[in-house]
Each structure stands twice: as structure tokens, then as C-alpha cells.
Amino acid sequence: MEAIPPPPPRVLIVDDDESVRDVISVLLREEGYHCAVASDADMALELAEAEDTPLVISDMKMPGKDGLWLLEAFRDKHPDTSVIMLTGYGDTEQAVDCLRRGAVDYLLKPPKLTDLIRSIERALAKRRLEMARKRYQKKLERKVRDRTTELRSALKDVSTTYQNTLLALVTALDAREHETSDHSQRVVEYTVAIAQRMGIKGPELDEIGRGALLHDIGKIGVPDAVLLKPGKLTPEEWVEMRKHPDIGFSMIAPIPFLAIPSQIVLSHQERWDGRGYPRGLKGNEVHIGARIFAVADTLDAMTSDRPYRKGTTFANAIEEIKRCSGTQFDPEVVSAFLDIGEAQLIKIKEDMVARKKQRLAEATQKALAAAAEAEAAKKALEGAN
Ligand SMILES: [Fe+2]
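Residues numbered from 1 in each chain as written. Predicted model: local features only at pLDDT ≥ 70, side-chain atom pairs only at ≥ 80, totals over all residues. Heavy atoms only, no water.

Topic: the overall build of the chain
Assigned secondary structure in the chain consists of 15 helices and 5 strands. For the chain, the C-alpha radius of gyration of 39 Å lies well beyond 21 Å, the compact-globule estimate for 385 residues. Dimensions of the chain, computed from the C-alpha atoms along their principal axes, are close to 115 × 75 × 40 Å. Relative to its 385 residues, the chain shows a buried fraction of 38%. Counting contacts in the chain only where the partners sit at least 6 residues apart, residues at least 24 apart contribute 63% of the total. Treating the 56 positive side-chain charges of the chain as one cloud and the 62 negative ones as another, the clouds have centres 5 Å apart. (Helix = DSSP H or I, 4+ residues; strand = E, 2+ residues; numbered from the N terminus. Rg over C-alpha atoms; globule rule 2.2 N^0.38 Å. Buried < 20%, exposed > 50% of the residue type's maximum accessible area, 1.4 Å probe, protein only. Contact = heavy atoms within 4.5 Å. Lys, Arg positive; Asp, Glu negative; His and termini not counted. Charge placed at Lys NZ, Arg CZ, Asp CG, Glu CD.)

Encoded structure:
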């Protein structure tokens, strides 16, 4: 099949002198160009608006808006249109100005046909190249954008996987010690709320949250006989129990992603007055994340039910934390904690319970759907046999 030749390029001739317009358009039509004519700048813009116009040949001197004005208007509204300027003798300075402002060429009036054709062909070839370059650039930009999106989503997946792995680990740990699986996650919520109140945000906030989540990870290394003992621990058993910050630290410190959380794990049992363990650090020597965590952990420990006792009210727990400001806890952290207020703290806990219920309901729904699907598949198989 023969290829259909492309339509002849449209050339718009702009001149206030009718005879010039006629001569040029007749000459160009004979050469196969499709011509349109305009007697002034406004009419030229109207025509360009109505139909794609790759090339304009414009007179420089026209009454009212002149060729330079039109040139600028085309640069602005139709940057893909090439403009050739026609100038009279003695206008060379202005002609150079035209080139500087984006005209592709200028010709002296009246133009010779050969010069005119050569100039038009050069202008159209240049335009084709320029448009191909633009298309290529756009394609490249789109590719870069797509790749960036893919990369971002892959990174987010990795980060979610990390977080879920940590959660699974901590949930198993919580289940072993507390018979409830939410202690660590609740402590994270309280810790993050206090940290935010202190103006901490961004990656630092994430690291502190992760440290709070993993705080007791070292209890994996504490024997059941000690960790789960219902009564009081003997001094020897306390020695075992107090190893858990060091065990946790050595577990996660080598993981670069957990370098800062490992500092919080190591110092989560320290106290503001230096009477904590394992190193007996004092005041600001204790990582800020651990100082915040200490308050959050006490709040959750006091307000949660345990097998051997019922949890106390938030109001009582808040009073107790206030009482221990400056001894067990950093006063600045306590002050931020008090700013949050009882109602908001209760809400944090209730929201967590609601989210958990929601997740459970969704998981049940999914399991039921999967079971129904399996049943249908089984029936289909039986039918086929
Ligand atoms: Fe601990």
C-alpha cells in the first residue's frame, strides 16, 4: 500500500501591503505550500488560533502592532511556530534584534523566490528537529517520573515490611509476658504523642517510636522462670531480669536501621535521678527517647489490667507521674505529658482498641471469603469428576 503523503505545510503570510501578500502566496502555492494571509498582527493571531500554523512570514513594519510585537506574541502563545521576518533596507539593526528575540531568519523585501524557499525549508527542518527533541525530552521526563514512583513505592514496601516484622516480633514478646499483646504498641502511641508535644517530628519521631516499640525486646533472653514468675523475684533473679536492656541492645545495635532505637532500648530502664539501670545514667545523659518512653511505659503499666490486679484510672496514673517528676522522670517530659491531658490520653487508648477491632473484623471477613471460595472450588471439582 502506498503511503499517504503528508499535507503541505501551512505558511501564514502577514503584511499590510496586499500586493506583497498576493505575490508571496502565489509563488509559494506554486511550490506546493498551503498559504494563509493576514493583513495585520491581530488577524494573524486569530488564524493561528484556528489552525495549526508551523510557519509565519511577517512584515516588520505594519501600522499599529508591528512585526516585532507579533514575533513576541507568537513566542508567547505558539512557541512551536517558526517566524521569518521581512525587512526593508536600512533595517539591519532591527533584523538582528529579531533573531535575538527568536525569529528563525530575516529576508530583505522583496524576497527572491530561491532565498524565500531556502529560508522556509531551513525553518521547517529546524522546527521538525526541535519538536522531535521536545518529544524525546518529554518521554525521558515521563520515564524518570515513572521510575521515581516505582522506586518510592518499593522503598515504602521495604519499610512496611520492616515495620511489620518488628511488630510481629514484639507481639509475640508481649503475648509471652503480659497475656495481652498490645502493651508495646500502646506505649508507642503514648511515646509518640508526648514527643510530638515536645516538638519532635520527622525521622527523629519515627526512631523514637521504633525504640519504644522494641524497648523490651531483650526479654527474649530472660528465662521463663524469671520473666513469668508470679511472685517476687529473688536478688539473683533480679540480676537476670536486669540484663534485658543489654541483651536487647546487642540484638538490634548491629542493624543500621535500628541504631538509634537500640540506644533507647539500652537506656529505657534508666531514671532521671540516676537510680535506674543498667548504667545508672542521670538527667540528659539518658536518651531523650528513653526519657519520654519512661513516662509512657508507667502510664500504660498503671492503667492496664494484669492477671493479679486491676489497672488504675488515668487520673491516678497522671497524679503518680506528676509526683515522680524530677526523680524518676524528666520534668520537661512530664510537663509535655500533662499538656496532653487525661481526655486525650484515654482517647489514644480507645482509638487503638477500635482499630484492633476493625482489623479483626477485616481479617475474619477475609477468612470467611477464602473459606467460601475453597468450598466453591471443591464443589466445582466434584462436579467435574
Ligand atoms: Fe524493660
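Having seen the model, we can carry on.
Some details on the domain arrangement of the chain
As assigned here, the chain comprises domain 1 (10-138) and domain 2 (179-376). Look at where the C-alpha atoms of domain 1 and domain 2 centre, and you get two points 74 Å apart. (Domains from an automatic or database assignment.)

Brief notes about the coordination of the iron ion
Taken together, Asp 216 (OD), His 244 (NE2), His 268 (NE2) and Gln 269 (OE1) make up the full set of protein donors to the iron ion, lying 2.1 to 2.3 Å away. Relative to the metal, the 4 donor atoms surrounding the iron ion lie at angles of 84 to 176 degrees, and the coordination shape comes out irregular. Donor residues binding the iron ion come from one chain and are separated in sequence as D-x27-H-x23-H-Q. Taken together, the positions of His 244 in helix H10 (residues 244-252) and Gln 269 in the loop between helix H11 (259-267) and helix H12 (288-303) put the pair 25 residues apart, joining distant regions of the chain. Here His 244 falls in the buried class, since its relative accessible area comes to 1%. Given the relative accessible area of 23%, Gln 269 is considered partly exposed. (Donors = N, O, S within 2.8 Å, 3.2 Å for Na, K, Ca; no water. Tetrahedral: all angles 85-135°; square planar, octahedral: opposite > 155°, others 65-115°.)

Things to note about the UniProt feature "coiled-coil region" (unreviewed entry) in the chain
In this numbering, the UniProt entry assigns the feature "coiled-coil region" (unreviewed entry) to residues 346-380. Span residues 346-380 is 100% helix and 0% strand, its end C-alpha atoms 51 Å apart. (UniProt positions renumbered as here; feature names shortened; annotations may be inferred.)

Focus on a nonpolar patch on the surface
On the surface, Leu 169, Ile 220 and Met 251 cluster together into a nonpolar patch covering about 240 Å² of accessible area. With respect to the element layout, Met 251 can be found in helix H10. (Patch = residues over 30% accessible without salt bridge, like charges linked within 9 Å, V, L, I, M, F, W, Y side chains within 5 Å. Areas by Shrake-Rupley, 256 points an atom, 1.4 Å probe, with all protein chains shown as cover. Salt bridge = Lys/Arg side-chain N within 4 Å of Asp/Glu carboxyl O.)

Quick word on the nonpolar core
Core analysis: the largest hydrophobic core is formed by 42 residues, its most contacted members being Ile 194, Leu 214, Val 295, Leu 299, Phe 337 and Leu 345. Discounting residues that sit within four places of it in the chain, Ile 194 has contacts with Ile 292, Val 295, Ala 296, Val 333, Ala 336, Phe 337 and Ile 340. Grouped together as the second largest cluster of nonpolar side chains are 20 residues, Ala 44, Leu 70, Leu 71 and Ala 73 included. (Core = buried A, V, L, I, M, F, W, Y, C linked by side-chain atoms within 4.5 Å.)

Details of the side chain of His 244
A distance of 3.0 Å separates polar atoms of two side chains, one belonging to His 244 and the other to Asp 216. Among residues more than four places away in sequence, those in contact with His 244 are Asp 216, Gly 218, Lys 219, Val 222, His 268, Gln 269 and Tyr 277. (Polar contact = N/O pair within 3.5 Å; in protein donor to acceptor, adjacent residues only side chain to side chain.)

What about helix H6 (residues 183-197)?
The end-to-end C-alpha separation of H6 is 21 Å, in line with the 21 Å expected for 15 residues at 1.5 Å each. The set of residues buried in H6 consists of His 183, Ser 184, Gln 185, Arg 186, Val 187, Val 188, Tyr 190, Thr 191, Val 192, Ala 193, Ile 194 and Ala 195. Count one or two residues on from H6 and you reach Gly 199, which has phi positive near 90 degrees. (Expected span 1.5 Å × (residues − 1).)

Points about the packing of aromatic side chains
According to the stated counting rule, one finds 1 aromatic pair in the structure shown. Aromatic side chains Tyr 162 and Phe 257 sit 4.0 Å apart centroid to centroid with 20 degrees between the ring planes, which places their arrangement in the stacked category. Separated by 95 residues along the polypeptide, Tyr 162 in helix H5 (residues 113-178) and Phe 257 in the loop between H10 and H11 bring together distant segments of the chain. Relative accessible area serves as the criterion here: at 37%, Tyr 162 is assigned to the partly exposed category. Residue classification places Phe 257 among the partly exposed residues on the basis of a relative accessible area of 24%. The lysine or arginine in question, Lys 65, covers the ring of Trp 69, its NZ or CZ lying 4.9 Å from the ring centre. The ring of Trp 238 carries the charged tip of Arg 242 above its face, separated from the ring centre by 5.2 Å. (Phe/Tyr/Trp six-rings, centres within 6.5 Å; stacked < 30°, edge-to-face > 60°. Lys NZ or Arg CZ within 6 Å of the ring centre and 35° of its normal.)

What about the packing of H6 against helix H15 (residues 342-384)?
One way to put it is that H6 packs onto H15 with a least axis distance of 10 Å and a crossing angle of 135 degrees. Our classification of the angle between H6 and H15 gives oblique. The way H6 lies across H15 gives a crossing that is right-handed. Here H6 contributes Gln 185, Arg 186, Glu 189, Tyr 190 and Ala 193 to the contact with H15, which in turn contributes Leu 345, Ile 348, Lys 349, Met 352, Arg 355 and Arg 359. Looking at the contact of H6 with H15 residue by residue, the classes come out as 5 nonpolar, 1 polar and 5 charged. (Axes fitted to C-alpha atoms, helices over the stretch in contact; angles between N-to-C directions. Parallel < 35°, antiparallel > 145°, perpendicular 65-115°, else oblique. Left-handed = near helix turned anticlockwise from the far one by under 90°. Nonpolar A, V, L, I, M, F, W, Y, C, P; charged D, E, K, R; others polar.)

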